[in-house]
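Architecture and fold: a report
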Amino acid sequence: MDPAAQRALQAGLINSEQILAYCDSYTTGLSHDTLAEGLGSYWGVSSPREAAETLEWLSRYGHRFFYDIVFQVYSDGASGEGRQEVLEALVASGRYGAPEIVRQQIAAQGPCEEKTLVFSALEQAMEMLGNLRSVFRLLEDEVNGSYSPKDYSAGILAWDLGRLVTVARMSLDCKYIGQDEFSRILARVDEELRSNFSSWPQFAKSYIIGRASWGGQNMTLGGIIGIAEDLMADAKSPWVLSPL
Amino acid sequence: MQTINYKMEYSILEYVFGLIGPAIIIAAIFYPIADLKVGTLRLHLPTGVANGILMLIGAYVTYLTVGTLFKKRAANSQGASIVLDEKGLSFTTVKKFAGVLTTVSYDAIDKITITDIPETSTSSAEKTIEISAPSTAFKKFEFDAIHMAKDSDFDALVGALKHRAMNAAFKQI
């Protein structure tokens, strides 16, 4: 395996440890039933087309699209709930169509597809804003210590990259994507890794902030932080053996 | 600048308890007690000493209960609010039954502990923020959501501290 592909696989280590997948090969080593359950129930992927859509979404937007918006709203100290500010930022992003047209559609009576999409996105973003409010400046791990405001402002790219690698590996195992597409994804992940992170502990912070902003503080978050701590500190960990 | 109302309310129970100490003193004056007994042990005290001990107990209880009322009065004496501005927060601390308007720079805060325990069938909710600023006179101060007008005031204070107290380590219980 070439070093670039190996680095990209290591970006998915927290997630692959969580689902008990192999950590040093393209194949996950999971049974067909587990793969079908994992991709189908958690990702809504049960065909090559759905796999391609999900991988494209993770690669292009992921949860970082919402995070960047809600972090900005939170940092600006929006008065009240922040719903109007988040809605305006979603519209202004251009993801749901030309902002002027989307604003008109929102103002108009009656339903339309763009309006439904924007309000569905608004609910997801508001949930993330609530989670961010509750975890901001409270996250820590044994290696990095307490996360600083700068760590939160750096975003959650690692959370999306880690999941992109895992979903790609599972999709490869299920033959939803071919080897060429898989290699293209790994190359992209490696490029993002080298451009945005200087160490695995820095990557871990971004991943954990992403996980906490998506799911809030719960028992699973503690388990994920534990996996990241082992990956950062265990002498036999791939992260320790091959620093970024 | 943001102002959060922070007023300590007096309860009827506090006034009632405040009467217990004087009641003990009055009882000790008008009802002479020959001796005191602890379990099966009779103390054989000289005449008047038992009443004296009871009066001291009454005085101490009065000090505690009336002292609490005066401390609350002092805490409410400087506007009964927490004022947050760009550089720090101002609130009232109590020193010897007097309210002192205190301003703390956000940079002086080194630790913030947020306690947010929801109500259960056996215990009431607990929502407090303890700030620790070793370089100040008070060292530590605790804000309790019970003295705030709205739940959102607690969240606003937590949010402001999270954004501005850059040197503080945060802990949630």
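Residues numbered from 1 in each chain as written. Chains lettered and ligands numbered in written order. Predicted model: local features only at pLDDT ≥ 70, side-chain atom pairs only at ≥ 80, totals over all residues. Heavy atoms only, no water.

**Structural notes on the overall build of chain B**
- Regarding its fold elements, chain B presents three helices and 10 strands.
- Counting from the amino terminus, chain B carries its helices and strands in the arrangement β-α-β-β-α-β-β-β-β-β-β-α-β.
- Relative to a compact globule of 173 residues, whose C-alpha radius of gyration would be 16 Å, chain B shows 22 Å and is clearly more extended.
- The principal-axis extent of the C-alpha atoms belonging to chain B is close to 65 × 35 × 30 Å.
- As presented, chain B carries roughly 10,700 Å² of accessible surface, and 62% of it is formed by carbon and sulfur atoms.
- For chain B, the centre of its 17 positive side-chain charges and the centre of its 16 negative side-chain charges are spaced 8 Å apart. (Helix = DSSP H or I, 4+ residues; strand = E, 2+ residues; numbered from the N terminus. Rg over C-alpha atoms; globule rule 2.2 N^0.38 Å. Areas by Shrake-Rupley, 256 points an atom, 1.4 Å probe, with all protein chains shown as cover. Lys, Arg positive; Asp, Glu negative; His and termini not counted. Charge placed at Lys NZ, Arg CZ, Asp CG, Glu CD.)

**Here we look at the pattern of salt bridges**
- For the coordinates displayed, the defined rule picks out 16 salt bridges over all chains.
- As a salt-bridge pair, E181 of chain A and R184 of chain A come within 2.8 Å of each other at their nearest N and O atoms. With a gap of three residues between them, E181 of chain A and R184 of chain A both fall in helix 11 (residues 179–196), about one helical turn apart.
- A residue is classified by how much of its surface remains accessible, and E181 of chain A, at 28% relative accessible area, is partly exposed.
- With its nearest N and O atoms 3.7 Å apart, the salt bridge here joins K150 of chain B to D153 of chain B.
- Three or more residues are tied together by salt bridges with common partners; here these are R7, D190 and R194 of chain A. (Salt bridge = Lys/Arg side-chain N within 4 Å of Asp/Glu carboxyl O. Buried < 20%, exposed > 50% of the residue type's maximum accessible area, 1.4 Å probe, protein only.)

**Quick notes on the packing of aromatic side chains**
Residues and elements named next belong to chain A.
- Per the stated rule, a full pass over the model turns up 22 aromatic pairs over all chains.
- These aromatic residues form a ring-pair network of at least three members: Y67, F71, Y74, F136 and Y152.
- In this structure, R95 packs its charged tip against the face of Y61, placed 3.8 Å from the ring centre.
- Residue placement shows R95 over the ring face of F65; its charged tip is 4.6 Å from the ring centre. (Phe/Tyr/Trp six-rings, centres within 6.5 Å; stacked < 30°, edge-to-face > 60°. Lys NZ or Arg CZ within 6 Å of the ring centre and 35° of its normal.)

**What about the packing of helix 1 (residues 3–11) of chain A against helix 11 of chain A?**
Residues and elements named next belong to chain A.
- One can describe the packing of helix 1 onto helix 11 by two numbers: an axis separation of 8 Å at closest approach and a directional angle of 80°. Taken together, the axes of helix 1 and helix 11 lie roughly perpendicular to each other. Counted together, A4, A5, R7, A8 and A11 of helix 1 and L186, V189, D190, L193 and R194 of helix 11 form the full contact between these two elements.
- Here the contact of helix 1 with helix 11 is built from residues that sort into seven nonpolar, no polar and three charged. (Axes fitted to C-alpha atoms, helices over the stretch in contact; angles between N-to-C directions. Parallel < 35°, antiparallel > 145°, perpendicular 65-115°, else oblique. Contact = heavy atoms within 4.5 Å. Nonpolar A, V, L, I, M, F, W, Y, C, P; charged D, E, K, R; others polar.)

**Some details on the nonpolar core**
- With 76 residues, the main nonpolar core has V86, L90, L139, Y152, F203 and W239 of chain A as its most contacted residues.
- Once you skip the residues sitting within four places of it in the chain, Y152 of chain A turns out to touch Y67, F71, L132, V135, F136, R137, L138, L139, Y147 and I209 of chain A.
- Judged by nonpolar contacts, the second largest core, of 30 residues, contains A75, L89, F138 and A145 of chain B. (Core = buried A, V, L, I, M, F, W, Y, C linked by side-chain atoms within 4.5 Å.)

**Brief notes about the interface of chain B and chain A**
- Listed as interface residues are 10 residues of chain B and, on the opposing side, 11 residues of chain A.
- Between chain B and chain A, roughly 870 Å² of surface is buried when both sides are summed, and carbon and sulfur atoms account for 48% of that area.
- Three residues stand out in chain B for area buried against chain A, namely K162, H163 and F170 of chain B, and they jointly supply 64% of the buried area on that side.
- Applying the counting rule to chain B against chain A returns one salt bridge.
- Across the salt bridge formed by E140 of chain A and K171 of chain B, the nearest N and O atoms sit 3.2 Å from each other.
- If you look at where chain B meets chain A, you find eight residue pairs in polar contact (both at pLDDT 80 or more).
- For the side of chain B that touches chain A, the secondary-structure elements that each account for two or more residues are helix 3 (151–164) and strand 10 (169–172) of chain B.
- Here the element with the most residues in the side of chain B that touches chain A is helix 3 of chain B; it accounts for four residues.
- The residue makeup of the side of chain B that touches chain A, split by class, is five nonpolar, three polar and two charged. (Buried area = accessible area lost by both parts, 1.4 Å probe. Polar contact = N/O pair within 3.5 Å; in protein donor to acceptor, adjacent residues only side chain to side chain.)

**A few points about the environment of D153 of chain B**
Residues and elements named next belong to chain B.
- Take D153: it is sitting in helix 3.
- In this structure D153 comes out as buried when scored by relative accessible area, which is 9%.
- Once you skip the residues sitting within four places of it in the chain, D153 turns out to touch I4 and M148.

**With respect to the pairing of strand 7 (residues 111–117) of chain B**
Residue and element names in this part refer to chain B.
- Judged from the seven bridges that link them, strand 7 and strand 8 (residues 126–133) form a sheet pairing that is antiparallel. Among the inter-strand pairings, I117 is bridged to a residue of strand 8, identified as E126.
- Judged from the four bridges that link them, strand 7 and strand 10 form a sheet pairing that is parallel. From the neighbouring strand, T113 faces strand 10, where its bridge partner is K171. (Pairing = 2+ DSSP bridges.)

**Let's talk about the environment of M128 of chain A**
Residue and element names in this part refer to chain A.
- Inspection of the secondary structure puts M128 in helix 8 (residues 113–135).
- Of the residues examined, M128 reaches a relative accessible area of 4% and is grouped as buried.
- It is 7.2 Å that separates the C-alpha atoms of M128 and V70, two residues lying 58 residues apart in sequence.
- The residues contacting M128, other than those within four sequence positions of it, are H63, F66, Y67, V70, S213 and W214.

**Let's talk about the side chain of T93 of chain B**
Residues and elements named next belong to chain B.
- Take T93: it is sitting in strand 5 (residues 88–95).
- A polar side-chain atom of T93 sits 2.7 Å from a polar atom in the side chain of T102.
- T93 has contacts with A98, G99, V100, T102, F138 and F141, leaving out every residue within four places of it along the chain.

**Side note on the sheet that holds strand 1 (residues 2–5) of chain B**
Residue and element names in this part refer to chain B.
- One open sheet accounts for four strands, arranged 1-4-5-6; its pairing is antiparallel. The outermost strands of the open sheet, each flanked by one partner alone, are strand 1 and strand 6 (98–105). The sheet shows a mean angle of 25° between the axes of neighbouring strands, direction not considered.
- One ladder, built from two bridges, connects strand 4 (residues 81–84) with strand 5; its direction is antiparallel. Residue pairing for strand 5: V83 is matched across the bridge by S90.

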